[in-house]
Amino acid sequence: MAAAALIGGRAQAATEVVRLICGFGVGNPTDLCAQLIQDGFSTALNEPVEFDYTLGQAGRRAALEVIDAAPDGRVLLIAEILNLVLQETPAETLLSCLQPIAKITRGFSTALVVNEISDIRDWPGLLAAARAGRLKAATTGRDTTIGLLLALVERRMKLTFEAIEVAGTNAAVDMLLTRRADIAVVDTRTALLHNARNRTKLRVLATSGARRSPQLPGVPTLAELAGDPKLAYTISFGLFAPLATPSPMASRLTTALLGLRTDKSVQTQARLAEIPLQLDGPAAVLEAVARDRRVAADIAG
């Protein structure tokens, strides 16, 4: 009887874990956002919070896992909002099957980069090299928010790259440093952090935002280079639960996460990681979804 009770207690404890599901690998911004909120979220809920990876299909598999999960607040999706928009199909309207819990960050841009020892020194140099021969490009996939920048460059500049798909931005950087790729697309914060911490630097050729990055005032945006402001986009992150999650449970999750606004430790970690942390409620997620749908429509058009 005692053994059975112990086993039952362990099983119950296991079901009480809140899982944050990430659709991309270690070192990706999605993973970093999960790590950033994990401890504070756990403390606020007074329950263990773990994060796990469901990789594949540019984040769609992770979304589908949460959509199919029991609506008990135990399985949550942490994801790029624009990526969910891009991964939707008529048969799988992902966002209509998820309940927004909170928005985690402001938007930040993506960047096209080369190794500092590359002969490609600037945007005209990239165009010349790409037209002279097919360059190898490390990307998380043309249908991901980071890889989207590469796809837009190809389409608008009439270029073709040999895409090498990688699991995350750290892997893309490694491809550059080991000279297995000529260029890479990463989030801009990854490039800035790498350059602050490593002797071998990355040279940023262009970013995806509507305006030049304050940290990279000499680097143009793709929208600027193409003369088309509709090409500008940024990525932001949100937390989602299965659609049928009861309102009191969803509100509890939102309240716990928004409580991190005053957590100095979390704020400090975010600054050190160059993550533009900004915690807001479900209404902010819905606003971001509407904005990103417009962005996706503009890009597709």
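Our subject is the structure listed above.
About the cut-offs
Residues numbered from 1 in each chain as written. Predicted model: local features only at pLDDT ≥ 70, side-chain atom pairs only at ≥ 80, totals over all residues. Heavy atoms only, no water. Helix = DSSP H or I, 4+ residues; strand = E, 2+ residues; numbered from the N terminus. Rg over C-alpha atoms; globule rule 2.2 N^0.38 Å. Buried < 20%, exposed > 50% of the residue type's maximum accessible area, 1.4 Å probe, protein only. Contact = heavy atoms within 4.5 Å. Pairing = 2+ DSSP bridges. Axes fitted to C-alpha atoms, helices over the stretch in contact; angles between N-to-C directions.

**Focus on the overall build of the chain**
So, step 1. Each helix and strand counted, the chain has 12 helices and 11 strands in total.
So, step 2. Relative to the globule expectation of 19 Å for 301 residues, the C-alpha radius of gyration of the chain, 20 Å, shows essentially globular dimensions.
So, step 3. With the C-alpha coordinates aligned to their principal axes, the bounding extent of the chain is approximately 75 × 40 × 35 Å.
So, step 4. Counting across all 301 residues of the chain, residues that qualify as buried make up 53%.
So, step 5. For the chain, contacts bridging at least 24 residues in sequence account for 76% of all contacts bridging at least 6.

**What about the sheet that holds strand S7 (residues 162-165)?**
So, step 1. Ordered by their spatial adjacency, 5 strands build an open sheet running S7-S6-S8-S5-S9, and the pairing between neighbours is mixed. Across the chains shown, the open sheet's two edge strands, defined by having one partner strand only, are S7 and strand S9 (202-207). Adjacent strand axes in the sheet meet at a mean angle of 30°, parallel and antiparallel pairs treated alike.
So, step 2. As defined by bridge partners, strand S5 (residues 110-115) adjoins strand S8 (residues 183-187) across 4 bridges and the pair is classed as antiparallel. Bridge pairing links Thr 110 to Asp 187 in S8.
So, step 3. Across the sheet, helix H5 (residues 123-132) is in contact with S5, S8 and S9; its angle to S9 comes to roughly 90°.

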